[in-house]
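Summary of the model geometry
Take a look at the letters that make up each chain.
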Amino acid sequence: MPGVLLVAEASGEQLAPTTAELVGEGVRLAADMGGPVSVLLAGHNVHGLAASLGQLGAEKVLVAESQSPTPPSPQWVLSAAEQAARQLQPEAILLTHAGGGRDLGPSLAYRLDTGIVTDSTALRVEGGELVITKPVFGGSAIAEFSIASTPRVVTLRPRAFETDQAPTAREAQIEALDVPTPDGAIEVLEEIREQATTGPRLKDAKVIVSGGRGLGGPENWKYVEELAQVLGGAVGATRAVTDAGWVAPSLQVGLTGATVAPDLYITIGISGAVQHIAGISGARNVVAINRDADANIFKYARFGVVGDWKQIVPAFTQRLKELRG
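Note that the structure is predicted; figures quoted are calculated from it, not measured.

Rules used in this analysis
Residues numbered from 1 in each chain as written. Predicted model: local features only at pLDDT ≥ 70, side-chain atom pairs only at ≥ 80, totals over all residues. Heavy atoms only, no water. Helix = DSSP H or I, 4+ residues; strand = E, 2+ residues; numbered from the N terminus. Contact = heavy atoms within 4.5 Å. Pairing = 2+ DSSP bridges. Axes fitted to C-alpha atoms, helices over the stretch in contact; angles between N-to-C directions. Core = buried A, V, L, I, M, F, W, Y, C linked by side-chain atoms within 4.5 Å. Buried < 20%, exposed > 50% of the residue type's maximum accessible area, 1.4 Å probe, protein only.

**Focus on the environment of Ile268**
By the element assignment, Ile268 lies in strand E15 (residues 264–268). With 23 residues separating them in the primary sequence, Ile268 and Arg291 have C-alpha atoms 9.7 Å apart. With sequence-adjacent residues up to four places away left out, Ile268 is seen in contact with Val209, Ser210, Gly211, Gly212, Leu215, Val224, Leu227, Ile289, Trp309 and Val313.

**Some remarks on the sheet that holds strand E7 (residues 116–120)**
Spatial strand order, E7-E11-E6-E1-E4-E5-E12: 7 strands in an open sheet with parallel pairing. A strand with exactly one partner marks an edge of an open sheet, and here the two such strands are E7 and strand E12 (173–176). Each strand of the sheet is rotated relative to its neighbour by a mean of 20°, with strand direction disregarded. Contacts from helix H1 (residues 19–33) reach strand E1 (4–8), strand E4 (37–43), strand E6 (92–96) and strand E11 (152–156) within the one sheet, and its direction differs from that of E1 by about 175°. Sheet strands touched by helix H3 (residues 74–88): E1, E4, strand E5 (60–65), E6 and E12. Its angle to E5, the strand with the most contacts, is close to 145°.

**With respect to the sheet that holds strand E14 (residues 234–237)**
One open sheet accounts for 5 strands, arranged E14-E13-E15-E16-E17; its pairing is parallel. Sheet topology places E14 and strand E17 (303–306) at the edges, where each strand pairs with a single neighbour. For this sheet, the mean angle separating the axes of adjacent strands, direction not counted, is 15°. Each of strand E13 (207–211), E14 and E15 touches helix H5 (residues 221–231); the most contacted strand, E13, lies at about 175° to it.

**So, the nonpolar core**
One finds Leu6, Leu53, Val61, Leu94 and Leu123 to be the most contacted residues of the largest nonpolar core, which totals 28 residues. Among the secondary structure elements, those contributing two or more residues to this core are E1, H1, E4, helix H2 (50–56), E5, E6, strand E9 (129–136) and E11. If one sorts the elements of this core by residue count, H1 sits on top with 4 residues. Counting residues in each nonpolar core, the second largest holds 23 residues, with Leu5, Trp76, Leu88 and Leu95 among its members.

**Observations regarding the side chain of Ser38**
Within the secondary structure layout, Ser38 lies in strand E4. The exposure class of Ser38 is buried, given its relative accessible area of 5%. If sequence neighbours within four positions are ignored, Ser38 has contacts with Val4, Leu5, Leu6, Lys60 and Leu88.

As structure tokens, then:
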């Protein structure tokens, strides 16, 4: 039976943080569509990670080992994904809408001559059809899509799907996939990862504290970082802040920046432009601090504080420090 193919990612000697939710959604979808759950794991020195995919629920793992000591080229990963898809002939292919998957998904759909829906936030099977839900128009509306061709390629928004935390005792069938280097492939000589701030990565953080132009200037950014540090969260920013050079562009949250889905999202001096709202539509709880009671951000906030952030944020941070002792 065709089933579902998942394309997992690994960083160093660890699976990407989004792997559990990707496999969890694949298992749930396969139960509704029928067929096995297969995973492609492509990269350098990734064979040792295959067994953990079985514990997450995968029935079969195709392992494509790159012989290059540096990260494999995007063309090689694309070839591996295409080869796995043609071998398994799945009904659906799921990738994470982050990291390499964001670029791999459309390229893979083109190679397979099929359709794709990106940045999905929900999947369901209805009348035998896969119905894909995603925000559109900058997050101001929710649309549902279906793909007539197969395999149906879908990228999943990180942290938008529930994760089954309980590992299984399943032992996945592991199969090696021999993927030659494509002609003209780019050779990655070195990978340099920029870490703009300490703490968790913005994409993976359960708590994010973001600052906007209402902070007044870069000299006040320390208050955002201090609150994030106390909460064990990540730091985010609006496009206006990154364009002004207050912080690194890698911290931008919004339509042209990172799409995040934390459990708690705190905004300080952010008005709530539609571009920023599009990036936080998956946040479970939004807390807004702004002196303008009519700011758009309050329409999306579960809790709102109207007032001067200079009085609110330092006092709030200090109280948190006292409570955490």
